[in-house]
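Now for the letters of each chain:
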Amino acid sequence: MSIKTRPIEKTKKIALVAHDNKKADLLEWAKFNRNLLIQHQLYATGTTGKVLQKELNTEIIKLQSGPLGGDQQIGAKITDNTIDFLIFFWDPLEPHPHDPDVKALLRMAVVWNIPVACNRATADFMISSPLMDQEYERIIPDYDYYRQRRLFKETHAKPTT
């Protein structure tokens, strides 16, 4: 399979998402890293976005709440290269009615090879990387083969005489 690259610009487009039991943890992390985060374009779902905008005193592009389609909105923005970095503090110990949406969001992050942090330690490592301050060419598979695959066998009807 061939590959393509997509640039991640110096100014990252970062999605910040947290399940209810993890919102306080994400808020604490974001406040600690405020000076770095405000150098980038920030997106967030639902109430997470409202709280972050108020506490960080910076503009956050707010999407729907996760269960109301916000996770799917972020996934769509990953596929169209609008979001290139995901911080998602999800709660693995609580059931969520929108678990399929969460799985789909994480799948899109992997399919399109964007950096993903699902906990504080990983988020700390990602944002302290020297790559945060520069452009980066991420490698993705060339999915044209998938888009152009044949769904049905071609059948050739015999001419009638």
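What you see is a predicted model; the values in this text were computed from it and never measured. (Residues numbered from 1 in each chain as written. Predicted model: local features only at pLDDT ≥ 70, side-chain atom pairs only at ≥ 80, totals over all residues. Heavy atoms only, no water.)

Asks: Just give me the short version of the packing of aromatic side chains, but keep the residues and values in it.
Replies: Following the criterion strictly, the structure yields two aromatic pairs and no others. Seen from their ring centres, Trp-112 and Tyr-143 are 5.3 Å apart, and the 70° between their planes marks the pair as edge-to-face. Of this pair, Trp-112 sits in the loop between helix H5 (99–111) and strand S6 (116–117) while Tyr-143 sits in the loop between strand S7 (136–141) and helix H7 (144–147), and the two are 31 residues apart along the sequence. The exposure class assigned to Tyr-143 is buried, which follows from its relative accessible area of 18%. (Phe/Tyr/Trp six-rings, centres within 6.5 Å; stacked < 30°, edge-to-face > 60°. Helix = DSSP H or I, 4+ residues; strand = E, 2+ residues; numbered from the N terminus. Buried < 20%, exposed > 50% of the residue type's maximum accessible area, 1.4 Å probe, protein only.)

Asks: A description of the layout of surface pockets should follow, citing residues and the corresponding values.
Replies: Estimated volume of the second largest pocket: approximately 190 Å³. Taken together, Ile-8, Lys-12, Phe-85, Asn-113, Ile-114, Pro-115, Met-126, Ser-129, Leu-131, Met-132, Tyr-136 and Arg-138 make up the lining of the second largest pocket. Partitioned by chemical class, the residues of the lining of the second largest pocket number eight nonpolar, two polar and two charged. (1 Å grid on protein atoms, 1.4 Å probe; cavity = no way out; pocket = protein on both sides within 12 Å on 5 of 7 lines; lining within 4 Å. Points joined across faces, edges and corners; volume = space filled by probe spheres on them. Nonpolar A, V, L, I, M, F, W, Y, C, P; charged D, E, K, R; others polar.)

Asks: Explain the pairing of strand S2 (residues 13–18) residue by residue, including any values.
Replies: In terms of residue burial, S2 counts as a mostly covered element, since six of its six residues are buried. By the alternation rule, side chains of S2 split into Lys-13, Ala-15 and Val-17 and Ile-14, Leu-16 and Ala-18, which are all buried. The sheet contact formed by S2 and strand S3 (residues 41–45) spans four bridges and is parallel. Pairing of Ile-14 across the sheet is with Leu-42, part of S3. With five bridges joining them, S2 and strand S5 (residues 85–89) adopt parallel strand pairing. (Pairing = 2+ DSSP bridges.)

Asks: Tell me about empty space enclosed by the protein, residues and numbers included.
Replies: Under the criterion given, the structure shown has one cavity of 30 Å³ or more. Taken together, Ala-18, Lys-23, Leu-26, Leu-27, Thr-48, Val-51 and Leu-52 make up the lining of the largest cavity. Every element with two or more residues in the lining of the largest cavity is listed here: helix H1 (23–32) and helix H3 (46–56). In the lining of the largest cavity, the residues fall into five nonpolar, one polar and one charged.

Asks: How would you summarise the sheet that holds strand S4 (residues 61–63) if you had to cite specific residues and measurements?
Replies: Strands sit in the order S4-S3-S2-S5-S6 across an open sheet of five strands; the sheet is parallel. Of all strands in the sheet, those bounded by a partner on one side alone are S4 and S6. On top of the sheet, H3 reaches S2, S3 and S4; it is set at about 135° to S3, its chief contact. (Contact = heavy atoms within 4.5 Å. Axes fitted to C-alpha atoms, helices over the stretch in contact; angles between N-to-C directions.)

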